[in-house]
Amino acid sequence: MLSLDKTLKYKVADISLADWGRKEMQLSENEMPGLMSIRKKYGPKKPLKGLKVMGSLHMTIQTAMLIETLKELGADIRWSSCNIYSTQDHAAAAIAKAGSAAVFAWKAETLEEYWWCTEQALTWPDGSGPDMLVDDGGDATLMVHQGVTMEKDKSLLEKKYDNKEFQLIIDRLKESIKTDPQKWTKIASKIRGVSEETTTGVHRLYQLMEKGELLFPAINVNDSVTKSKFDNLYGCRESLADGIKRATDIMIAGKIVVICGYGDVGKGCAQSMRGFGARVLITEVDPICTLQALMAGYEITTMDKAASIGDIFVTATGCCKVITGEHMEKMKNEAIICNIGHFDDEIEMSYLENSKDCKKEPIKPQVDKWTLKSGRSIIVLAEGRLVNLGCATGHSSFVMSTSFTNQCLAQIKLAQENLDKKVYTLPKDLDEEVARLHVEKLGAVLTKLTKEQADYLGIPANGPFKPDMYRY
Ligand code: NAD
Ligand code: ARJ
């Protein structure tokens, strides 16, 4: 068991990469107008002064820019990544060297290290916890909630859990509760709230709220229009191909690409692959999304049918066991499979890992060739974890600026308001403001409503322009 070290200022792969990281951060300033404007507008007022912020979110160059924006707003910050493969070591080094945050993250952590990093980031040198969380996928929120549950009923710590990763969390919690039996209860009671980045994390939050188990307020950043309809869609439209290409150099044109899930992420992935000249097949469970895919001209199928046909498979559902061992056994030789949804459950990796008949041959980091019972091989990217962040560098700065501007506004809201233990979304006028900043950067000029036109539409001349329930 890796022990907690409260005196440690950071743990990164290589601090000498800091200058490279800093230079890339400087370049990204031009591409992150939203974050730069937040710094300018709120920097002097320091709305996060005196507040401790813990982040569990991919430690990339874009996140480094978010961290330094939160710092400029006055926060005292600790950070870990929310994925074992997504850290960009030069970004982590730049943050560590500047002392902008105590950062615990490196590319290719083990799962045990991952949960150590998360606990390190949740624990300040005096043993106290954060005032606010920035979460992506909900792992920091999960650790605090599980900690509280275990402190209430310590017999749960003695149980054996089938899920390997969950057992690792419980082992860590057991250790921490031994040192301080009230650690997580104290931490949870001080948290003003969490702002959650992604669809899967948001689902977890609503589930907690519905069960009456949510321990602090939460802001659903994902469902700001300027997040899910941009990052999830246009972000993945570029970073999926980046991940597949860097990993395999495969020609996409002419191939059959199967996209599982036609939500925001799936729509971006499908459009991207079609743009390269692939023949795209979609699998869906939702009739509305299926109809959308049909209207866009895609063929709809099921994984059972597609398994033996596809050349490249991409899961984008947030669901589990979308591609099973049985599907893999039917696949063509050297079919490529990858996932762009948040966790590693969409592809049944346990089939490959636990079956005697499956043999792994690493090609390079985050690219493995698995030979199966069928005698054929498949290429698995990033061990079934997010391909765009595991095999490439995630979304570009510009689209992350829209997401992270919402994150900053959410953190300011959590700092300034005493919210109930519920899940909130940000108001439409802030969403429009985030869009406005990025529209201006692209040089577009908005048409202004006259008073007569505004009255005709029955809305204020400066917005909000659409009702809350409007779907973009
Ligand atoms: P979404 O809810 O809009 O879309 C998911 C779609 O998958 C839905 O339409 C749903 O009906 C469908 N689906 C669910 N189970 C299915 C199954 N078994 N088979 C086929 N289709 C199924 O969600 P989203 O915003 O598109 O996000 C999808 C995932 O991607 C989430 O896990 C999210 O957290 C993650 N995400 C990743 C990135 C990234 O950079 N990699 C960015 C944003 C979101
Ligand atoms: C940090 C990134 C990047 C990037 O906002 C996206 C989302 O919803 C996450 C699901 O875990 C990934 C996140 N994302 C995509 N690209 N976060 N830096 N460059």
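The structure we're discussing is the one just above.
A few points on the structure. (Residues numbered from 1 in each chain as written. Chains lettered and ligands numbered in written order. Predicted model: local features only at pLDDT ≥ 70, side-chain atom pairs only at ≥ 80, totals over all residues. Heavy atoms only, no water.)

1. Digging into the overall build of the protein chain
Put simply, the rule reads: Helical segments are the DSSP runs of H or I of at least four residues, strand segments are the runs of E of at least two, and each set is numbered from the N terminus. Put simply, the radius of gyration uses C-alpha atoms, and a globule should come to 2.2 Å times the residue count raised to 0.38. To sort residues, take the accessible area from a 1.4 Å probe on protein chains only and compare it with the maximum for the residue type: under 20% means buried, over 50% means exposed, and anything in between is partly exposed. The contact rule is simple, with two residues in contact once any of their heavy atoms fall within 4.5 Å. Residue-level accessible areas treat just the shown protein chains as cover; the underlying method is Shrake-Rupley with a 1.4 Å probe. Neither His nor the chain ends contribute to the count of charged residues, in which Lys and Arg are positive and Asp and Glu negative. Here the site of a charge means atom NZ of a Lys, CZ of an Arg, CG of an Asp or CD of a Glu.
A count of helices and strands for the protein chain gives 19 helices and 15 strands. Taken over C-alpha atoms, the radius of gyration comes to 22 Å for the protein chain, in line with the 23 Å a tight globule of 472 residues would show. Its C-alpha atoms put the protein chain at 65 × 65 × 45 Å along the principal axes. Counting every position in the protein chain, which comprises 472 residues, the buried fraction comes to 55%. Within the protein chain, contacts between residues separated by at least 24 positions form 74% of all contacts whose residues are at least 6 apart in sequence. When the accessible area of the protein chain is evaluated, it comes to approximately 20800 Å², of which 53% is carbon and sulfur surface. When the 61 positive and 64 negative side-chain charges of the protein chain are each reduced to one mean point, those points stand 2 Å apart.

2. Looking at the site of ligand 2
Which entries qualify depends on this criterion: The cutoff for a nearby residue is simple: one of its non-hydrogen atoms must lie within 4 Å of the molecule or strand. Between N or O atoms, a polar contact is any pair within 3.5 Å; within protein, one atom must be a potential hydrogen donor and the other a potential acceptor, and residues adjacent in sequence are included only when both atoms are from side chains.
Close to ligand 2 lie 18 residues, the nearest being Thr60, Glu197, Lys227, Asp231 and His342. Within the side chain of threonine 198, one N or O atom sits 2.8 Å away from an oxygen atom of ligand 2. Protein contact buries 96% of the 420 Å² of open area that ligand 2 shows by itself. Where the shell around ligand 2 is concerned, the elements lending two or more residues are α3 (61–72), α10 (225–248) and α17 (397–416).

3. Things to note about a nonpolar patch on the surface
To keep it simple, the criterion reads: Surface patches are defined over residues having more than 30% relative accessible area and no salt bridge, joining like charges when they lie within 9 Å and nonpolar side chains (Val, Leu, Ile, Met, Phe, Trp, Tyr) when within 5 Å. We define a salt bridge as a side-chain nitrogen of Lys or Arg found within 4 Å of a carboxyl oxygen belonging to Asp or Glu.
There is a patch of nonpolar side chains on the surface, built from Leu291, Leu294 and Met295 and spanning about 340 Å² of accessible area. Mapped onto the fold, leucine 291 is located in helix α12 (residues 287–295).

4. Examining the sheet that holds strand β10 (residues 312–315)
Filter applied, for reference: Think of it this way: DSSP has to see at least two bridges between two strands before they count as a pair.
Taken in spatial order, the eight strands of this open sheet run β9-β8-β7-β10-β11-β14-β13-β12, and their pairing is mixed. Here the strands that pair on one side only, and so sit at the sheet edges, are β9 (299–300) and β12 (359–364). Note: β12 against strand β13 (residues 367–371), five bridges, orientation antiparallel. Directly across from lysine 359, in β13, lies its bridge partner threonine 371.

5. A word on the state of the cysteines
In plain terms, the rule: Any cysteine sulfur atom paired with another within 2.5 Å is treated as part of a disulfide.
Within this structure, the stated rule accounts for zero disulfides. We note that cysteine 260 lacks a disulfide partner, and the nearest cysteine sulfur, in cysteine 338, lies 9.9 Å from it. Free cysteine cysteine 358: the closest other cysteine sulfur is in cysteine 338, separated by 19 Å.

6. Quick notes on the packing of aromatic side chains
Our working definition: Classification of ring pairs rests on two measures: the distance between centres of Phe, Tyr or Trp rings, Trp counted by its six-membered ring, which must be within 6.5 Å, and the angle between planes, read as stacked under 30 degrees, edge-to-face over 60 and tilted in between.
A full pass over the atoms with the stated rule returns seven aromatic pairs. Seen from their ring centres, phenylalanine 104 and tryptophan 116 are 6.1 Å apart, and the 90° between their planes marks the pair as edge-to-face. Remark: tryptophan 116 occurs in helix α5 (residues 111–122) and phenylalanine 104 occurs in strand β3 (residues 102–104); sequence separation between them is twelve residues. In this structure phenylalanine 104 comes out as buried when scored by relative accessible area, which is 0%.

7. A few points about the pattern of salt bridges
Taken as a whole and judged by the stated rule, the model has 20 salt bridges. Two residues, glutamate 68 and arginine 22, come together in a salt bridge whose shortest N-O distance is 2.8 Å. Of this pair, glutamate 68 sits in helix α3 while arginine 22 sits in helix α1 (residues 18–28), placing them 46 residues apart in sequence. Relative accessible area serves as the criterion here: at 14%, glutamate 68 is assigned to the buried category. The class of arginine 22 is partly exposed, set by a relative accessible area of 24%. Close ionic contact of lysine 190 with aspartate 131 constitutes a salt bridge, the shortest N to O distance being 3.5 Å. Taken as a pair, lysine 190 in helix α8 (residues 183–190) and aspartate 131 in the loop between α5 and β4 (132–135) lie far apart in primary sequence, 59 residues in all. Using a relative accessible area of 33% as the deciding quantity, one classes lysine 190 as partly exposed. Note on aspartate 131: relative accessible area 11%, which makes it buried.

8. Description of the sheet that holds β3
A sheet is described by the order of its strands in space; here seven strands give the open sequence β3-β2-β1-β4-β5-β6-β15, paired in parallel fashion. The open sheet has two edge strands, β3 and β15 (423–424), and neither has a second partner. Pairing between strand β5 (residues 193–196) and strand β6 (residues 218–220): three bridges, direction parallel. Each bridged residue has a counterpart across the sheet, and for glutamate 196 the counterpart in β6 is asparagine 220.

9. Looking at the nonpolar core
Here is the rule: What makes a nonpolar core is a set of buried Ala, Val, Leu, Ile, Met, Phe, Trp, Tyr and Cys residues whose side-chain atoms join them at distances within 4.5 Å.
Grouped together as the largest cluster of nonpolar side chains are 46 residues, with contacts concentrated most on Met59, Leu70, Trp79 and Val103. Top contributing element to this core by residue count: α17, with nine residues. Among all residues touching leucine 70, those that are not within four sequence positions of it are Leu48, Val53, Ala75, Ile77, Trp79, Val134, Cys408 and Gln411. If you look at the next biggest cluster of nonpolar residues, it comprises 38 residues, including Ile177, Ala188, Val194 and Val423.

10. So, the environment of cysteine 408
Relative to the assigned elements, cysteine 408 resides in helix α17. Residues cysteine 408 and leucine 73, spaced 335 residues apart in sequence, show a C-alpha to C-alpha distance of 9.0 Å. Once you skip the residues sitting within four places of it in the chain, cysteine 408 turns out to touch Leu35, Ile38, Leu66, Thr69 and Leu70.

11. Comments concerning the side chain of serine 228
As for its position among the elements, serine 228 is in helix α10. Looking at serine 228, the relative accessible area reads 4%, which means it is buried. When near neighbours in sequence (up to four residues on either side) are disregarded, serine 228 contacts Asn222, Asp223, Leu233 and Asp264.

12. Here we look at the site of ligand 1
Where we set the bar: Classification convention: Asp, Glu, Lys, Arg as charged; Ala, Val, Leu, Ile, Met, Phe, Trp, Tyr, Cys, Pro as nonpolar; all other residues, Gly among them, as polar.
Thr198, Thr199, Thr200, Val265 and Glu284 are the nearest of the 26 residues found near ligand 1. Between an oxygen atom of ligand 1 and a side-chain N or O atom of asparagine 232, the distance comes to 2.9 Å. Aspartate 264 is positioned with one of its backbone polar atoms (N or O) 3.2 Å from an oxygen atom of ligand 1. In isolation ligand 1 exposes 850 Å². Once the protein is present, 85% of that is buried. At the level of elements, α9 (199–210), α10 and α11 (264–275) are the ones that each hand at least two residues to the shell around ligand 1. Of the residues assigned to the shell around ligand 1, the class counts are eight nonpolar, 13 polar and five charged.

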